[in-house]
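Here is what each chain is made of, one letter per residue.
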Amino acid sequence: MTGGRWLLRAASLGAALLLWQALTSLDVNVWLRFEQFPTVGEVASTFAERAGTAPYWQDLVSSLRRIVAGFALAAVLGVVVGTAIARSRTAADMLGPLLEVLRPIPAIALVPVAILLFPSNEQGIVFITCTAAFFPVLVSTRHAVRALTPVWEEAVLTMGGGRARVLFSVVLPGALPGIFGGLSVGIGVSWICVISAEMISGEYGVGYRTWQDYTVVDYPGVFVGMVTIGALGWLTSTAVERTGRRLTSWLPRSAVSSSPAGAAAPEASRPARVPLRAADSPQGATTGGTQK
């Protein structure tokens, strides 16, 4: 990323903070009420105080542990089930109707189910987090696999490759861009649900601490929790997106195609056509009429 883009991003964040400071310092009350909002200085002071205490970091680690566990389970299950439904009519008939009935149910509505199913709040929160991320990954994987052109699969089968070779050499690599789109959405939904679950039934975590601050009318503490949640969400979503870029580095990039040296890169990056039948090749064209 160029220095100009970094400067623009920093300027936009700084402008938002200045606007916040101005509205709260002047106690603006025009339709929206800012007189009870803490100022940027008050939130920064509270953040500095809490960052030096053990409970703040304990809450942060607890929320991160729940997110990583739930999101990792959702990623594995979503990719496996989504691929199975897209590739198998039997799996689609057996699992599709059940999943479509469960998909509209908000994950946070499963809190009572988690309390009944699991012996501890920790396991229940991980379950809710996993459920929240599972369906975006499932849907994106299913659509990405179904959108793949069958030409390359047929080419692998023609050259003697089996189902496993097709799956790991064609299907999953070809669907990776779509899969990571679902993962990016899933990590954001996971944060929404894990914070909500911590507020309802948690004992530790950023969401639990934010709700406790609200109940004692500690508004600077509430904003510290919100800032912490935003920072953690940004870091984890950035990690997912960068992992996706690294694993799909073989895709043509617009930055490469726009440069003079890489103007022909997208054309060059297209795989060569593989003849699927003998009649498709020059040699087969002369003998295709005699072959049955």
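Computed from a predicted structure; not experimentally measured.

## A word on unusual backbone geometry
Step number 1: For aspartate 27, which is not glycine, the phi dihedral falls at a positive 50°.
Step number 2: In this fold, aspartate 27 is placed in the loop between α1 (3-25) and β1 (29-30).
Step number 3: When its relative accessible area of 43% is taken as the criterion, aspartate 27 is described as partly exposed.
Step number 4: One non-glycine residue, tryptophan 31, adopts positive backbone phi at about 70°.
Step number 5: Summarising the element assignment, tryptophan 31 is placed in the loop between β1 and β2 (32-33).

## Here's the deal with the packing of aromatic side chains
Step number 1: By the definition in use, this model includes 8 aromatic pairs.
Step number 2: Between phenylalanine 134 and phenylalanine 135 the ring centres are 5.0 Å apart and the planes differ by 75°, which places this aromatic pair in the edge-to-face class.
Step number 3: With a centroid separation of 5.3 Å and 35° between ring planes, the pair formed by tryptophan 211 and tyrosine 214 is classed as tilted. You can see tryptophan 211 and its partner tyrosine 214 sitting in helix α9 (residues 206-215), 3 residues apart, about one turn around the helix.
Step number 4: Residue classification places tyrosine 214 among the partly exposed positions, given a relative accessible area of 44%.
Step number 5: Taken together, Trp20, Phe34, Phe37 and Phe223 form an aromatic cluster joined through their ring pairs.

The rules behind these values
Residues numbered from 1 in each chain as written. Predicted model: local features only at pLDDT ≥ 70, side-chain atom pairs only at ≥ 80, totals over all residues. Heavy atoms only, no water. Helix = DSSP H or I, 4+ residues; strand = E, 2+ residues; numbered from the N terminus. Buried < 20%, exposed > 50% of the residue type's maximum accessible area, 1.4 Å probe, protein only. Phe/Tyr/Trp six-rings, centres within 6.5 Å; stacked < 30°, edge-to-face > 60°.

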